[in-house]
Amino acid sequence: MRPALALGALLGCAAPDADVVGTDAGTTVRRELGPVEPPAPTHRDPAIAPPASVNVPPPGLVDVRAFVPHVRLAIGYATADNFTGAVLPGYGATAAWLHPAAADGLAAVARELADDGLGLLVYDAYRPKRATAAMLAWTRATGREDLVRDGFIASRSQHNRGLAVDVGLVELATGRTIDMGGAWDSFTPQSATFAVDGEPRAHRVRLRETMVRHGFRPHDGEWWHFAWATTVDAPVLDVPYARE
Ligand SMILES: [Zn+2]
């Protein structure tokens, strides 16, 4: 099991106008609103690879940041801070892509939440097929096939089609991560949407109701996971997030 997700604490310190928070090669990346400049080269040592640049979404997927107002990214599989302890294949850069229908739905969710000063924090969206293969290999290597059996890791996921998204909430004014009563992608009973009480439960219910209202189907074993509820003809894809 991985340690408790540190991203929450990290995000708590985020400036209100930061629209991307994540890690890239172990360094916190925070981009201010406005045009995104390509990263400046920091060294000329050819033995150290430069930060990977984000790929262009393939036909059938769109960039969530271009569709969803106020969205922030904390892509856990693009860092070592996920249950495998390593960046997953296909996640060499911090980005989030979705099928256009799901991206439109998520934009409607974001607009509604913004009226109450809340924003969406995306942990994962489209997931390259090779990343799912790596997750399954990890369960076999570590003897954790129970996670597949119990539904925490899917051998075929709507994420692979760009039709599922993992999200939490942030307070727009401060960038503070809203307490959902448990970390994204933690394989514990408290991940079940209705397994906690008090304010975290209210936040989960708020997220769930808003997502459902705008076309998503919840997964009540994981408070963060939502799939696009309408059947859409979308292929499984294996295009990586980083330009290779
Ligand atoms: Zn998910």
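Higher on the page you've got the structure.
All values derive from a computational prediction rather than experimental measurement. Residue indices follow the written sequence of each chain, beginning from 1 at its first position. Local features in a predicted model are, by the rule used here, given only for residues with pLDDT of at least 70; side-chain atom pairs are given and counted only at 80 or more, and totals for whole chains, interfaces and linings are based on all residues.

**Student:** Go over the overall build of the protein chain with me, naming the residues and quoting the values.
**Tutor:** Looking only at helices and strands, the protein chain features six helices and nine strands. Per-residue burial for the protein chain yields a buried fraction of 40% across its 244 residues. Helix and strand labels come from DSSP, where a helix needs a run of H or I of at least four residues and a strand needs a run of E of at least two; each type is numbered from the N terminus. Three exposure classes are used. Buried residues have 20 or more other C-beta atoms within 10 Å of their own C-beta, exposed residues have 12 or fewer, and partly exposed residues fall in between, all C-beta atoms being placed from the backbone.

**Student:** So what about the nonpolar core? Which residues, and what values?
**Tutor:** Linking buried Ala, Val, Leu, Ile, Met, Phe, Trp, Tyr and Cys residues through C-beta atoms within 7 Å yields a set, and such a set is a nonpolar core. Judged by nonpolar contacts, the single largest core of 53 residues is most densely connected at Val64, Leu98, Leu106, Leu120 and Val122. Mapped by element, the contributors of at least two residues to this core are strand S5 (97-98), helix H3 (100-114), strand S6 (118-124), helix H4 (129-142), strand S7 (164-171), helix H6 (198-213) and strand S9 (222-228). Top element by residues in this core is H3. It accounts for six residues. Here leucine 98 is in contact with Leu61, Val62, Val64, Ala103, Leu106, Ala125, Tyr126, Gly162 and Val165, once residues within four sequence places are set aside. Contact definition: two residues whose C-beta atoms, as placed from backbone geometry, lie within 7 Å.

**Student:** Requested: an account of unusual backbone geometry, with residues and values cited.
**Tutor:** Here the phi dihedral of histidine 70 falls at roughly 65 degrees; this positive angle occurs in a residue that is not glycine. Owing to 15 C-beta atoms within 10 Å, histidine 70 belongs among the partly exposed residues under this scheme. The phi torsion at aspartate 185 lies on the positive side, around 65 degrees, for a residue other than glycine. Given 21 C-beta atoms within a 10 Å radius, aspartate 185 is considered buried.

**Student:** Provide a residue-level description of the environment of alanine 93, including the pertinent values.
**Tutor:** Assignment of secondary structure puts alanine 93 in the loop between strand S4 (72-73) and S5. As a C-alpha pair, alanine 93 and alanine 242 span 149 residues in sequence and 4.9 Å in three-dimensional space. When residues no more than four places from it in sequence are discounted, the contact partners of alanine 93 are Ala52, Ser53, Val54, Ala78, Tyr241 and Ala242.

**Student:** Please set out H4 residue by residue, giving values where relevant.
**Tutor:** Multiplying 1.5 Å by the helix residue count minus one yields the expected span of that helix. With 14 residues, H4 extends 20 Å from end C-alpha to end C-alpha; this agrees with the ideal 20 Å at 1.5 Å per step. Taken together, the buried positions of H4 are Ala131, Thr132 and Met135. Each buried residue of H4 sits inside an arc of 105 degrees when the element is viewed along its axis, so together they form one side. Facing away from the buried side of H4, by more than 90 degrees, are the exposed residues Ala137, Arg140 and Ala141. In the stretch just after H4, glycine 143 is the one whose phi turns positive, near 70 degrees. Note that the arc is computed from the directions linking the helix axis to the C-beta atoms.

**Student:** Outline the pairing of S9, listing residues and values.
**Tutor:** Taking burial as the measure, the seven residues of S9 include five buried ones, the bulk of the element. Alignment of S7 against S9, held across three bridges, turns out to be antiparallel. Within the sheet, the bridge partner assigned to alanine 164 lies in S9 and is alanine 227. By the bridge criterion, four bridges tie strand S8 (residues 216-219) to S9 in an arrangement that is antiparallel. By the bridge assignment for S9, arginine 217 is matched with alanine 227. Joining the antiparallel neighbours S8 and S9 is a turn of two residues. A strand pair is defined by DSSP finding two or more bridges across the two strands.

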